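# Per-entry structural report
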Amino acid sequence: MGLSTEELETIKGQLGAGRKPRVQFTEAAGQIAGQVGQVVELADPAASDEWVVVRFGRDELPFSPGDLQVAPRGAAAKKAAPPAPPEPPRPEPEFVIDKPVPAAAPAPRKEVEEVTPPAPRKAASRPAKPKPGASLTVTLAYAEGEWTVAAAQGSKALAKPYVIRPAEAMRMVQLVDVPGVQEAVEHILAAERAEAQAQADKLRAELAEIEARLAELGEAG
């Protein structure tokens, strides 16, 4: 049981049209089985097994397709069944001793009243399957001469890519201490340093030419 490929495609089309299709939690969802929610997003299936984001009450949580099914018309959330009343305590076995009999009779014997053992209780309902928290991803990237940092939790972006200084990028890489990564960053920084030095030398040469030209004009005046 669970959402089929065709049903997932239908839900995708409904989301694209601005609708929020209703789904019902299956027994695989545990304690919330039978409850009804609304699909608000389909995340990347390759990133996690739980990629169908469902609004349930005030929360929006990811579930796997096996936890859900298309809600039937008029379906409403199941109410939790009232707890069964506690069973009365079973009486302990009693020993019954016969009254004394005449001497000619055989010695009295003890009789034990048979007590039916209590019936085994039904297994408790399966507890709700805990939902692991969405993974946190922090990305350090270099492109077109700029270093950027971004953060996301599951499919939700916590921080859009923003520019940081090369020194800050180097400190972050040193904290990770992954072989090969620090060398790659140092190589990039060395190339940027060499390019900046070349530009500075060029500007100094141009400035020297301008100052010489000013000196000549000053002498001519």
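Note that the structure is a prediction, hence the values are computed from the model and not measured.

### Comments concerning the overall build of the protein chain
Secondary structure assignment for the protein chain yields 3 helices and 10 strands. Secondary structure of the protein chain in N-to-C order comes out as α-β-β-β-β-β-β-β-β-β-β-α-α. Within the protein chain, buried positions represent 19% of all 221 residues. When contacts within the protein chain are restricted to residue pairs at least 6 apart in sequence, long-range pairs at least 24 apart make up 42% of them. Of the roughly 17,300 Å² that the protein chain leaves accessible, carbon and sulfur atoms contribute 57%.

### Some points on the pairing of strand S2 (residues 36-42)
Here strand S1 (residues 22-25) pairs with S2 via 3 bridges, running antiparallel. Within S2, the position partnered with Val23 by the bridge is Gly37. In this sheet, strand S3 (residues 52-56) lies alongside S2 in antiparallel orientation, the contact comprising 4 bridges. Residue Val39 lies in a different strand from S3, and its bridge partner there is Val54.

### Things to note about the nonpolar core
Of all hydrophobic cores here, the largest spans 13 residues; its most connected members are Val23, Phe25, Val39, Val52, Val54 and Leu68. Mapped onto this core, the elements with two or more residues apiece are helix H1 (5-16), S1 and S3. Every residue in contact with Val39, bar those within four places of it in the chain, is listed here: Ile11, Leu15, Lys20, Pro21, Val23, Val52, Val53 and Val54. By size, the runner-up hydrophobic cluster in this structure holds 8 residues, among which are Trp147, Val149, Ile164 and Val185.

### Description of the packing of aromatic side chains
Taken as a whole, this structure holds 3 aromatic pairs when the rule is applied. Aromatic side chains Tyr142 and Trp147 sit 4.7 Å apart centroid to centroid with 45° between the ring planes, which places their arrangement in the tilted category. Of the residues examined, Tyr142 reaches a relative accessible area of 33% and is grouped as partly exposed. A network of ring pairs unites the aromatic residues Phe25, Phe56 and Phe63 as a single cluster.

### Comments concerning the confidence of the model for the protein chain
Considering every residue of the protein chain, the mean pLDDT works out to 78; 72% of them sit at 70 or more. At the low end of the mean pLDDT range in the protein chain sits strand S6 (residues 95-97), at 43; at the high end sits S2, at 93. Note that pLDDT drops below 50 for residues 95-99; the model gives that stretch 6 contacts with residues more than four away or on any other chain.

### A closer look at the environment of Thr26
With respect to the helices and strands, the residue Thr26 is situated in the loop between S1 and S2. With relative accessibility at 4%, the residue Thr26 sits in the buried group. Spatially, the C-alpha atom of Thr26 lies 7.2 Å from that of Gly2, the residues being 24 residues apart in sequence.

Calculation criteria
- Residues numbered from 1 in each chain as written.
- Predicted model: local features only at pLDDT ≥ 70, side-chain atom pairs only at ≥ 80, totals over all residues.
- Heavy atoms only, no water.
- Helix = DSSP H or I, 4+ residues; strand = E, 2+ residues; numbered from the N terminus.
- Buried < 20%, exposed > 50% of the residue type's maximum accessible area, 1.4 Å probe, protein only.
- Contact = heavy atoms within 4.5 Å.
- Areas by Shrake-Rupley, 256 points an atom, 1.4 Å probe, with all protein chains shown as cover.
- Pairing = 2+ DSSP bridges.
- Core = buried A, V, L, I, M, F, W, Y, C linked by side-chain atoms within 4.5 Å.
- Phe/Tyr/Trp six-rings, centres within 6.5 Å; stacked < 30°, edge-to-face > 60°.
- pLDDT = per-residue confidence, 0-100.

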